[in-house]
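# Analysis of the macromolecular model
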Amino acid sequence: MASDWTDEELRESVRAYLGLMEAQRAGRAINKAGVYRDLASNFTSRTPKAFEYRMQNISYVLSLLGRPWLKGVAPAKNVGSNVAAKIESLISELEGRPSAPIVALEIETRQRLKAPMPKAPTGEKRPAFITSSVTAYRRDPAVRAWVLRRANGMCECCDAPAPFVDSEGSPYLEVHHVRQLADGGSDQVSNTVALCPNCHRRMHFGADSAALTAKMYSRIKELVPESNI
Ligand SMILES: [Zn+2]
Ligand SMILES: [Zn+2]
């Protein structure tokens, strides 16, 4: 049984993964097996196969964050919440984009969902604060407003009317970046759609999120697929 992964092993795994993502987005050929071999030659207590599994854990963390993952590296959830939280913080560190941690909460919730139904937990009457430094992208209100007007109260994914009106009587839709801002997407009309809350969550967390994203490109003429080229 191999020992726990060191921070350095995890960091270099995440760095390699993000490099592969970058190459994939730019349309460059990628050699995943070669990357796993290189990692294993730097960290000799691990096999290429072990790094391949780690990459699948990184896909899993990205899926919990509602982000796309590397093609061909299916999310594998055999990762403890501590290691997943480390992977999550390495992703934001290496992308230079601190964000509030959510992955440990998601994993611990999922683990509890599999256990027999317990007595109702006490919870916290006064939840403690967690302070973290977060970075958000500046969004252009002109882009948001334009896309909401294009949608005209209908979800641009399922065509259903907005499910409710907001307190001002306007149809409630959410603005989504088809190539996510975290993945280098632009905040322009050519990368933005207005969605009902169901379709929006599904676009991030659905098993069919990649197919739905492809569908948006084919049905909305202003959208232009973005790459790093
Ligand atoms: Zn919808
Ligand atoms: Zn979104």
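Each remark here, short or long, concerns the structure printed above.
Quick notes on the rules
Residues numbered from 1 in each chain as written. Chains lettered and ligands numbered in written order. Predicted model: local features only at pLDDT ≥ 70, side-chain atom pairs only at ≥ 80, totals over all residues. Heavy atoms only, no water. Helix = DSSP H or I, 4+ residues; strand = E, 2+ residues; numbered from the N terminus. Buried < 20%, exposed > 50% of the residue type's maximum accessible area, 1.4 Å probe, protein only. Polar contact = N/O pair within 3.5 Å; in protein donor to acceptor, adjacent residues only side chain to side chain. Contact = heavy atoms within 4.5 Å. Donors = N, O, S within 2.8 Å, 3.2 Å for Na, K, Ca; no water. Tetrahedral: all angles 85-135°; square planar, octahedral: opposite > 155°, others 65-115°.

## Details of the side chain of His204
Locating His204 in the fold gives a position in helix H7 (residues 197-205). The buried category is assigned to His204, whose relative accessible area is 16%. Side-chain polar atoms of His204 contact the side chain of His176, separated by 3.2 Å. A polar contact is formed between the side chain of His204 and the side chain of His200, at a distance of 3.2 Å. The contacts of His204, once residues within four sequence positions are left out, are Gly66, Arg67, His176 and Gln180.

## Observations regarding the coordination of the zinc ion (ligand 2)
Within the protein, the atoms that donate to the zinc ion (ligand 2) are His176 (ND1), His200 (NE2) and His204 (NE2), at distances of 2.1 Å. Positions of the donor residues of the zinc ion (ligand 2), expressed as sequence spacing, correspond to H-x23-H-x3-H. With His176 in strand S1 (residues 174-177) and His204 in helix H7, the pair connects residues that are 28 residues apart, well separated along the chain. Here the two residues His176 and His204 agree in accessibility, since each one is buried.

## Some details on the coordination of the zinc ion (ligand 1)
Binding of the zinc ion (ligand 1) to the protein goes through Cys155 (SG), Cys158 (SG), Cys196 (SG) and Cys199 (SG), at separations of 2.3 to 2.4 Å. If you look at the zinc ion (ligand 1), its 4 donor atoms make angles of 103 to 116° with each other, and the shape they trace is tetrahedral.

## Overview of the environment of Thr131
Tracing the backbone through its elements, the reader meets Thr131 in the loop between helix H5 (103-114) and helix H6 (141-151). Sequence-wise, Thr131 and Arg15 are 116 residues apart; in three dimensions their C-alpha atoms are separated by 26 Å.

Any functional reading would require information beyond the geometric quantities listed.
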